[in-house]
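One letter stands for each residue in the lines below.
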Amino acid sequence: MKTVKIAILGLGTVGGGTYEILRMNKELIEKRTGIDFRLVRVLEKNKARMEQLGIDPYIAVTDPDMIFKDPSIDIVVEALGGIEPSSTFMEKALLAGKGVVTPNKAAVAASFARLKEAEAKGGGRLRFEACVGGGIPALTAIQEALAGNEFTEVMGIVNGTTNYILTKMTEEGLPYDDVLKDAQAKGFAEQDPTADVEGIDAANKLSILMTLCFDKYVHPDDIPRVGISGITMADIEDARSKGCKIKLIAGAKRVKADDGTETVEYSVKPTLIPFSHPLAGVSNEFNAIYVTGNAVNELMFYGKGAGALPTGSAMVGDIIAIAKTL
Ligand code: HSE
């Protein structure tokens, strides 16, 4: 049986979830792929976390270069979070010809060109399905099954924390601050919830969606954005009286000017969504990506956008996809 050696940088929620799936479904994955996936190195200081996951602390390193310079390692899972040093670590792994799998939307969105350049230069392969919509395989679908389409619009509910807050405010009349604390306790929120509630996390994800749907890279900082921290119960009631729900929408669409030139308009902002629209039915921490292609028409991907196993599911799918090409 073919063996593929993996290193994981960071055993937090997603790094740990990825490992758990590889262990939980080991036999099934081996049967399906004919590949024995072996975790051979981790970059992790927290010994208790390794113990909790049943990982031998002997495989832990403190110097990440020991991973990038080890030719026997095939795939690096980067799950540290944050733009740096994650971008540099992914770049090093790609330049060393390794596969790289990441859920790190902040790093992928901010460093997209640099990572693609390293991929081309070093012969490595970057996959980042888990960056948008957690377990929802929308990015692979956009790049593969839907590759024959010209996309005209993409609208996403791509942040579970804000969708959870807005849902609880709308359906249970609960105050914003209480629901935010609840979302943090449930582990949906980013370390600093400002990234969620001010739309920064959604802007990172929209930057990635736009690159794939429209071949148009926009740095997340250049995406106009309004978060949900200013949304009041009065706004929610006002929306309800108009037959709408307020959703934080990360959206982009092609627009044709009178002279025939085309541009793409994009933003992250609280948006009134009519009750009859499929996105209005996306509640709690669930995510959805609603795309319109000129051939397929309207299509919605729906599922869990956060959490160890849902996000780990996308990670393992990417690991398997890369391993099959090795
Ligand atoms: N904080 C993010 C969310 C995690 O709430 O959706 C998943 O990217």
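One can find the structure itself at the top, above this paragraph.
My aim in this report is to walk through the structure given alongside it, one point at a time. Please read these numbers as outputs of a predicted model, since none were measured by experiment. (Residues numbered from 1 in each chain as written. Predicted model: local features only at pLDDT ≥ 70, side-chain atom pairs only at ≥ 80, totals over all residues. Heavy atoms only, no water.)

1. Quick word on the overall build of the chain
Then, in step 1: Looking only at helices and strands, one finds 14 helices and eleven strands in the chain.
Then, in step 2: In terms of overall size, the chain behaves like a compact globule, its C-alpha atoms giving a radius of gyration of 20 Å where 326 residues would be expected to give roughly 20 Å.
Then, in step 3: Structurally, the chain occupies a C-alpha span of about 60 × 50 × 35 Å along its principal axes.
Then, in step 4: In the chain, which comprises 326 residues, the share counted as buried stands at 52%.
Then, in step 5: Excluding contacts between residues fewer than 6 apart, the proportion of contacts in the chain whose partners are at least 24 apart in sequence is 71%.
Then, in step 6: Total accessible area computed for the chain in this model is approximately 14,400 Å², and 51% of it derives from carbon and sulfur atoms.
Then, in step 7: Distance from the positive charge centre (36 side chains) to the negative charge centre (43 side chains) of the chain: 5 Å. (Helix = DSSP H or I, 4+ residues; strand = E, 2+ residues; numbered from the N terminus. Rg over C-alpha atoms; globule rule 2.2 N^0.38 Å. Buried < 20%, exposed > 50% of the residue type's maximum accessible area, 1.4 Å probe, protein only. Contact = heavy atoms within 4.5 Å. Areas by Shrake-Rupley, 256 points an atom, 1.4 Å probe, with all protein chains shown as cover. Lys, Arg positive; Asp, Glu negative; His and termini not counted. Charge placed at Lys NZ, Arg CZ, Asp CG, Glu CD.)

2. Focus: the packing of helix α9 (residues 160-172) against helix α13 (residues 233-241)
Then, in step 1: Two elements in contact, α9 and α13, have axes whose closest approach is 10 Å; the angle formed by their N-to-C orientations is 70°. Judged on the interaxial angle alone, α13 and α9 are roughly perpendicular. Only M233, I236 and R240 of α13 make contact with α9, whose side of the interface consists of L166, M169 and T170.
Then, in step 2: Counted by class, the contact of α9 with α13 contains four nonpolar, one polar and one charged residues. (Axes fitted to C-alpha atoms, helices over the stretch in contact; angles between N-to-C directions. Parallel < 35°, antiparallel > 145°, perpendicular 65-115°, else oblique. Nonpolar A, V, L, I, M, F, W, Y, C, P; charged D, E, K, R; others polar.)

3. A look at the packing of aromatic side chains
How two aromatic rings sit relative to each other is set out by the distance from centre to centre and by the angle between their planes.
Then, in step 1: Counted by the stated rule, this structure contains four aromatic pairs.
Then, in step 2: When the ring of F68 is compared with that of F89, the centres are 5.6 Å apart and the planes differ by 45°; the resulting orientation is tilted. Of this pair, F68 sits in helix α4 (residues 65-68) while F89 is found in helix α5 (residues 86-95), placing the two residues 21 residues apart along the sequence.
Then, in step 3: Since its relative accessible area comes to 6%, F68 is described here as buried.
Then, in step 4: With a centroid separation of 6.5 Å and an interplanar angle of 15°, the aromatic rings of F112 and Y217 are classed as stacked. Of the two residues, F112 is situated in helix α7 (residues 112-122) and Y217 in the loop between α12 (200-214) and α13; the sequence distance between them amounts to 105 residues.
Then, in step 5: Since its relative accessible area comes to 12%, F112 is described here as buried.
Then, in step 6: One aromatic cluster is present, built from ring pairs that chain together F112, F128 and Y217. (Phe/Tyr/Trp six-rings, centres within 6.5 Å; stacked < 30°, edge-to-face > 60°.)

4. Describing the side chain of E78
Then, in step 1: The residue E78 is located in strand β4 (residues 75-78) in this model.
Then, in step 2: From its side chain, E78 meets the backbone nitrogen of L80 in a polar contact 2.9 Å long.
Then, in step 3: One polar contact links E78 to S86, side chain to side chain, over a distance of 2.7 Å.
Then, in step 4: Not counting residues up to four positions away in its chain, the partners in contact with E78 are L9, S86, M90, V101, T102, P103 and N104. (Polar contact = N/O pair within 3.5 Å; in protein donor to acceptor, adjacent residues only side chain to side chain.)

5. Concerning the sheet that holds strand β10 (residues 286-293)
Then, in step 1: Taken in spatial order, the five strands make up an open sheet running β9-β8-β7-β10-β11, and their pairing is antiparallel. With one partner strand each, in any of the chains shown, β9 (262-274) and β11 (297-304) form the two edges of the open sheet. Recorded for the sheet is a direction-independent mean angle of 15° between the axes of neighbouring strands.
Then, in step 2: Note that strand β7 (residues 151-157) and strand β8 (residues 244-256) share four bridges and pair antiparallel. Across the sheet, G156 pairs through a bridge with A250, a residue of β8.
Then, in step 3: With respect to the sheet, α12 is in contact with β7, β8, β9 and β10, its orientation differing from that of β8 by roughly 35°.
Then, in step 4: In the packing of α13 onto the sheet, contacts are made with β8 and β9, and the angle to β8 comes to roughly 70°. (Pairing = 2+ DSSP bridges.)

6. What to know about the site of the ligand
Then, in step 1: Near the ligand the following residues occur: K105, N159, G160, T161, F188, A189, E190, D196, D201, K205, G305 and A306.
Then, in step 2: In this structure, an oxygen atom belonging to the ligand sits 2.7 Å away from a main-chain N or O atom of G160.
Then, in step 3: Side-chain polar atom of K205 to an oxygen atom of the ligand: 2.8 Å apart, as the coordinates give it.
Then, in step 4: Protein chains bury 91% of the 260 Å² of accessible surface belonging to the ligand in isolation.
Then, in step 5: Contributions of two or more residues to the shell around the ligand are made by α9 and α12.
Then, in step 6: A class-by-class count of the residues in the shell around the ligand yields three nonpolar, four polar and five charged. (Near = heavy atom within 4 Å.)

7. Quick word on the side chain of S87
Then, in step 1: Mapped onto the elements, S87 comes out in helix α5.
Then, in step 2: Polar side-chain contacts of S87 include one of 2.8 Å to the backbone oxygen of I83.
Then, in step 3: Within the structure, S87 has its side chain in polar contact with the side chain of S111 (distance 2.7 Å).
Then, in step 4: Sequence-distant contacts of S87, that is, excluding residues within four places in its chain, are made with A107, S111, R114 and L115.

8. What about α5?
Then, in step 1: Within α5, burial applies to S86, S87, F89, M90, A93 and L94. End-on, the buried residues of α5 take up no more than an arc of 160°, which puts them together on one face.
Then, in step 2: At the exit of α5 stands G97, carrying a positive phi of roughly 80°. (Arc of directions from axis to C-beta.)

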